[in-house]
Every structure is written in C-alpha cells, then in structure tokens.
Amino acid sequence: MQEYILKTVAFVKESLQNAEAGHDWWHIERVWKNTKLILQTEDADHLVCELTALLHDIADSKFHNGDETIGPRIAGEFLSRIGVASVTIEHVQQIILNMSFKASLGEVTFHSKELEIVQDADRLDAIGAIGIARAFTYGGFKNREIHNPNIPVVTNISKEAYKNTTAPTINHFYEKLLLLKDKMNTPTAQALAAQRHEFMENFLQQFYGEWDGCL
C-alpha cells in the first residue's frame, strides 16, 4: 500500500505543479490529511480512500472545458501503470466521478463508504478560513467580481447553471459553501464543519459591515 501511495504523491505533485492555487498540491495534501483523520473513526478501505484523495483533482473538469470523464480516466491510467488492482481502480474512478458538489446537483450513480469519507475530506477544504481563501483565489483566477449587490443569489441551482455561473464570489457562499455543513456524511466531518461554518458566517457579517461602511 505504501508504495502505491508514494508513487501517487510523486505523480500528483508533478502533474499539478502549475495548477491554480486553490486546486494545487497543497489542496490535495489537505484533503489527504482530512481523509486520514476521518479514517481514524470509520471502517473503510484505506487504500481506496487515500488514492482517491490524492487523485480526485488530477484533472478537475472546470479546467478542462467541463469534461467530467478526464479526471477518472487519467487516474485510472496512472493506477494501472503502477500495478493497482482493477477493482480498486474502478472504485477510485467511480468516487472521483461522483463525489463533487456539482455531481450532487445531478444524478449520482454510485455510492460507498469510501466516497462518503473522501467527499467529506474535500468539502472540509471548501469551507472555513481556507475555503474562503480558495473561493476568492478562484474568483480572481476567473476575473469575477468580489461582490455585486445587483446580482441576486441563485438558490436551488441546477448542475448546468452551477457549471456555467459567472456570479461574484460572495454569491458562491450561498450557492455552495454555506450548504456544505449539512451535507457532511461522517461524525468527524460534521463536528469540524460546524466550527468552519460559523467562521464563514462571521466573515460574511464582517464583510457586509465593511461593504456598507458600517464597520
């Protein structure tokens, strides 16, 4: 197992060396750490979970013209090259294909305990202080407005609309980030998410106060 993990770490570091800062190696490492933390209290396949955590953003669809198949394909090809069993590869690919928030807005075709764990680990990195930093990093990368009071938040957003949104970064809090606390699967993630969610709420209160000239 350790040999597979070390080879995958090296592959991901090299592949993502020029990635956007919110989806780079450091994001992968944090999700990997979150995964191992959750695994301390969950009964699941550690190899599947760790390989998926390391490979889940090897080719994020939003950086590849919306292609949701390229990530699982690249992950599968790499794992096959290093000799990982086909049943493990297929499990990793299915998790990558179905674990994202975007995927949850459509029809989810696969479920497993391992998916729950890595999904939680990834979602934890999307909220709290780091989640805020990542949101504004990506917004800057896409040259989006920080906030525009004239652009309303879209609630119950569809998968297609979510994929194609160009809304200001503050809107993203309401379209995704503030929803994640109640979507956590495991007790460990639920506890961590509660504190990170509160931090985001406090941030927004401060943000609006400064925006309106009250603070």
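Up top you'll find the structure we're talking about.
Colleague: For this particular structure, what's the right way to read the overall build of the chain?
Modeller: Across its full length, the chain carries eleven helices and zero strands. Along its sequence from the N terminus, the chain presents helices and strands in the succession α-α-α-α-α-α-α-α-α-α-α. A compact globule built from 215 residues should have a C-alpha radius of gyration of about 17 Å, and the chain, at 17 Å, falls within 12% of that. With the C-alpha coordinates of the chain rotated into their principal frame, the extents come out at 60 × 35 × 30 Å. Counting across all 215 residues of the chain, residues that qualify as buried make up 49%.

Colleague: Hey, could you run me through the nonpolar core in this one?
Modeller: Here is a general trend for soluble globular proteins: nonpolar side chains tend to be buried in one another's company. Counting 55 residues, the largest nonpolar core has Val12, Leu54, Leu55, Leu79 and Phe173 as the members making the most contacts within it. Among all residues touching Leu55, those that are not within four sequence positions of it are Thr8, Phe11, Val12, Ala75, Phe78, Leu79 and Ile96.

Colleague: Teacher, can you tell me more about the packing of aromatic side chains here?
Modeller: Pairs of aromatic rings are described using the distance from one ring centre to the other and the angle between the two planes. Under the criterion given, the structure shown has ten aromatic pairs. Summarising the aromatic geometry, the rings of Phe136 and Phe173 are spaced 6.1 Å apart at their centres and angled 50° between planes, so their arrangement reads as tilted. On the criterion of sequence distance, the pair formed by Phe136 in helix 8 (residues 128–141) and Phe173 in helix 10 (residues 169–175) is long-range, its members being 37 residues apart. Where Phe203 meets Phe207, the ring centres are 6.0 Å apart and the plane angle is 40°; that geometry is what we call tilted.

Colleague: What should I look at first to understand the side chain of Asp122 in this one?
Modeller: Looking at the element boundaries, Asp122 is found in helix 7 (residues 113–124). No salt bridge is formed by the buried Asp122, whose closest oppositely charged neighbour, Arg134, lies at an N-O distance of 5.0 Å. Look past the residues within four positions of Asp122 in its chain and what remains in contact with it is His27, Val31, His56 and Met99.

Colleague: Teacher, can you tell me more about the environment of Arg73 here?
Modeller: You can see Arg73 is positioned in helix 4 (residues 70–81). Placed 66 residues apart in sequence, Arg73 and Gly139 show a C-alpha to C-alpha distance of 27 Å.

Colleague: Just to check I follow, could you spell out helix 3 (residues 46–55) for this structure?
Modeller: In an α-helix, one full turn covers 3.6 residues, which means residues spaced three or four apart are oriented alike. Within helix 3, nine of the ten residues are buried, which leaves the element mostly enclosed by the surrounding structure. Buried within helix 3 are the following residues: Leu47, Val48, Cys49, Glu50, Leu51, Thr52, Ala53, Leu54 and Leu55. Residues of helix 3 that are buried in the fold lie against helix 1 (2–15), helix 2 (25–39), helix 4, helix 5 (86–98) and helix 7. For helix 3, the N-terminal cap is Asp45; the gap from its side-chain oxygen to the backbone nitrogen of Leu47 is 3.0 Å.

Colleague: Looking at this model, I keep getting lost on helix 8. Mind explaining?
Modeller: Here helix 8 contains 14 residues, and its C-alpha end-to-end distance of 20 Å stays within 8% of the 20 Å for a straight helix at 1.5 Å per residue. Looking at helix 8, one finds that the buried residues are Gly128, Gly131, Ile132, Arg134, Ala135, Tyr138 and Gly139. Projected onto a plane normal to the axis of helix 8, the buried residues spread over an arc of 165° and lie on a single side. Where helix 8 is buried, its residues contact helix 2, helix 10 and helix 11 (187–211).

Colleague: How should I be thinking about the pattern of salt bridges in this particular structure?
Modeller: Side chains that differ in sign of charge can pair as their charged atoms come close. Throughout the structure, instances matching the rule amount to seven salt bridges. A salt bridge links Arg30 to Asp125, with the shortest nitrogen-to-oxygen separation between them at 2.7 Å. Note that Arg30 is positioned in helix 2 and Asp125 in the loop between helix 7 and helix 8, a separation of 95 residues in sequence. What makes Arg30 partly exposed here is its relative accessible area of 23%. Note that Lys113 is salt-bridged to Glu42, the shortest N-O span being 3.3 Å. Of the two residues, Lys113 sits in helix 7 while Glu42 sits in the loop between helix 2 and helix 3, which places them 71 residues apart along the sequence. On the basis of relative accessibility, which here comes to 14%, the residue Glu42 falls in the buried class.

Here is what the cut-offs are and how they apply
- Position labels on residues start from 1 in each chain and follow its written sequence.
- Local features are withheld for residues below a pLDDT of 70 in this predicted model, meaning they are given only at 70 or higher, and side-chain atom pairs are given and counted only at 80 or more; totals for whole chains, interfaces and linings count all residues.
- The side-chain numbers reported here are obtained from all heavy atoms of the structure, hydrogens and water having been left aside.
- Labels follow the DSSP assignment, with helices taken as runs of H or I lasting at least four residues and strands as runs of E lasting at least two, numbered in each case from the N terminus.
- Radius of gyration: C-alpha atoms only; globule rule: 2.2 Å multiplied by the number of residues to the exponent 0.38.
- The cut-offs for exposure are 20% and 50% of the maximum accessible area for each residue type, with area from a 1.4 Å probe on protein chains only; residues under the lower value are buried, those over the upper are exposed, and the others partly exposed.
- Among buried residues, the Ala, Val, Leu, Ile, Met, Phe, Trp, Tyr and Cys ones that are joined through side-chain atoms within 4.5 Å form a nonpolar core.
- Every residue pair with non-hydrogen atoms within 4.5 Å of one another is taken to be in contact.
- For Phe, Tyr and Trp, where Trp contributes only its six-membered ring, two rings pair if their centres lie within 6.5 Å, and the inter-plane angle classes them as stacked under 30 degrees, edge-to-face over 60, or tilted in between.
- His is not counted, nor are the chain ends, whereas Lys and Arg count as positive and Asp and Glu as negative.
- For this document, the term salt bridge refers to a Lys or Arg side-chain nitrogen within 4 Å of an Asp or Glu carboxyl oxygen.
- For the purposes of these results, a polar contact is taken to be a pair of N or O atoms within 3.5 Å, where, inside protein, one atom must be able to donate a hydrogen and its partner to accept one; residues adjacent in sequence count only when each atom of the pair is a side-chain atom.
- Here the expected span of a helix is defined as 1.5 Å times the quantity of residues minus one.
- This arc is taken over the directions from the axis of the helix to the C-beta atoms.

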